[in-house]
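Residues per chain are reported as follows:
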Amino acid sequence: MQKLEQLYEGKAKKVFKTDDPELYIVDYKDDATAFNGLKKGSIEGKGVINNRMSNFLMTIMEKAGVPTHFVKELSDRETLVKKVTIVPLEVIVRNVAAGSFSKRFGVEEGTELKNPTLEFCLKNDDLGDPMIAESHITALGLATREELDNISRMTMKVNEVLKAYFAGIGIDLIDFKIEFGKTSDGQIILADEISPDTCRLWDSKTHQKLDKDRFRRDLGNVEDAYNEVFARLGL
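Residues numbered from 1 in each chain as written. Predicted model: local features only at pLDDT ≥ 70, side-chain atom pairs only at ≥ 80, totals over all residues. Heavy atoms only, no water.

Novice: Can you help me understand the packing of aromatic side chains in this one?
Specialist: As enumerated under the stated definition, the model contains two aromatic pairs in all. Judged by centre distance (5.8 Å) and plane angle (65°), the ring pair of Phe56 and Tyr165 falls under edge-to-face. Of the two residues, Phe56 is situated in helix α1 (residues 46–63) and Tyr165 in helix α4 (residues 145–167); the sequence distance between them amounts to 109 residues. For the cation-ring pair, Lys3 lies above Phe16, with the distance from its terminal atom to the ring centre recorded as 4.1 Å. Stacked on the ring of Phe215, the Lys or Arg Lys39 has its end atom at 4.8 Å from the ring centre. (Phe/Tyr/Trp six-rings, centres within 6.5 Å; stacked < 30°, edge-to-face > 60°. Helix = DSSP H or I, 4+ residues; strand = E, 2+ residues; numbered from the N terminus. Lys NZ or Arg CZ within 6 Å of the ring centre and 35° of its normal.)

Laid out in structure tokens, this is it:
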């Protein structure tokens, strides 16, 4: 597989064309951002951890019946993925109140929710990734009703599988953000990544934060937290 020109560089990844028009190469960076890019830094080794962890969890999702963009891990930082057009939505599931949810609704962080919540945000840095209602999504043509129902169903399956898997290694899945893409033949599949960048992960016993909140909130030991998750996954 030949790596060709760079198509895109985001906050955490670079995307390259290949000699196969239906396949891209994703290269994970150590760069870290928070608050829509207002806070910037670097987490040593993050790219390796996020790449390998995401690939591992994507494989678990495939086995659970959730189609993903994952094709093959090429190196510690690079992965071959299916070419998709990203649906411009951040899909967020919350199992426990934390972060913006706690601030918005005045709920103490750490409060277990009676059921998982499903939220959509418009992927637009200039607008601050605002929350968006399902009727707005269909009205703006960002996704059809059928596509949105499919995304919602797959997202709740991802939550069910991830929550159970992390519980088995002593980690609570507080919340997470995922993204979906559309293949050239119109199939909606799980894309982007699943990592401590995109999930809130707390130690089940101590409630120690093992995710990007350590960077966001200047809690220190960021690399240690990422490495702890990596080690518990046995990677």
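Novice: Got a minute to help me understand the state of the cysteines in this structure?
Specialist: Here the structure, examined in full by the defined rule, presents zero disulfides. Summary of cysteine pairing: Cys121 is not part of a disulfide, and the nearest cysteine sulfur, belonging to Cys199, is at 15 Å. Taking the relative accessible area as the measure of exposure, Cys121 reaches 8% and is therefore buried. Cys199 sits in the buried class, given a relative accessible area of 4%. (Disulfide = S-S within 2.5 Å. Buried < 20%, exposed > 50% of the residue type's maximum accessible area, 1.4 Å probe, protein only.)

Novice: Would you mind showing me how to read the side chain of Lys29 here?
Specialist: Take Lys29: it is sitting in the loop between β3 (23–28) and β4 (31–34). A polar side-chain atom of Lys29 sits 2.9 Å from the main-chain carbonyl oxygen of Gly10. (Polar contact = N/O pair within 3.5 Å; in protein donor to acceptor, adjacent residues only side chain to side chain.)

Novice: How should the pattern of salt bridges be read in this particular structure?
Specialist: Opposite charge on two side chains allows them to pair when their charged atoms are near. Overall, the coordinates contain 30 salt bridges when judged by the stated rule. In this structure, Lys177 and Glu179 form a salt bridge, with 2.9 Å as the shortest nitrogen-oxygen distance. A relative accessible area of 5% places Glu179 in the buried class. For the salt bridge of Asp203 with Arg232, the shortest nitrogen-to-oxygen distance reads 2.6 Å. Of the two residues, Asp203 is situated in strand β13 (residues 199–203) and Arg232 in helix α6 (residues 222–232); the sequence distance between them amounts to 29 residues. Looking at Arg232, the relative accessible area reads 25%, which means it is partly exposed. Sharing partners across several salt bridges, the network here consists of Arg94, Arg104, Glu109, Glu119, Asp175, Arg200, Lys209, Asp213, Arg216 and Arg217. (Salt bridge = Lys/Arg side-chain N within 4 Å of Asp/Glu carboxyl O.)

Novice: I'm lost on α1 in this one. Help?
Specialist: Since the α-helix turns once every 3.6 residues, residues separated by three or four places project in the same direction. With 18 residues, α1 ought to run about 26 Å at 1.5 Å a step, and its terminal C-alpha atoms sit 26 Å apart, in line with that. At the exit of α1 stands Gly65, carrying a positive phi of roughly 95°. (Expected span 1.5 Å × (residues − 1).)

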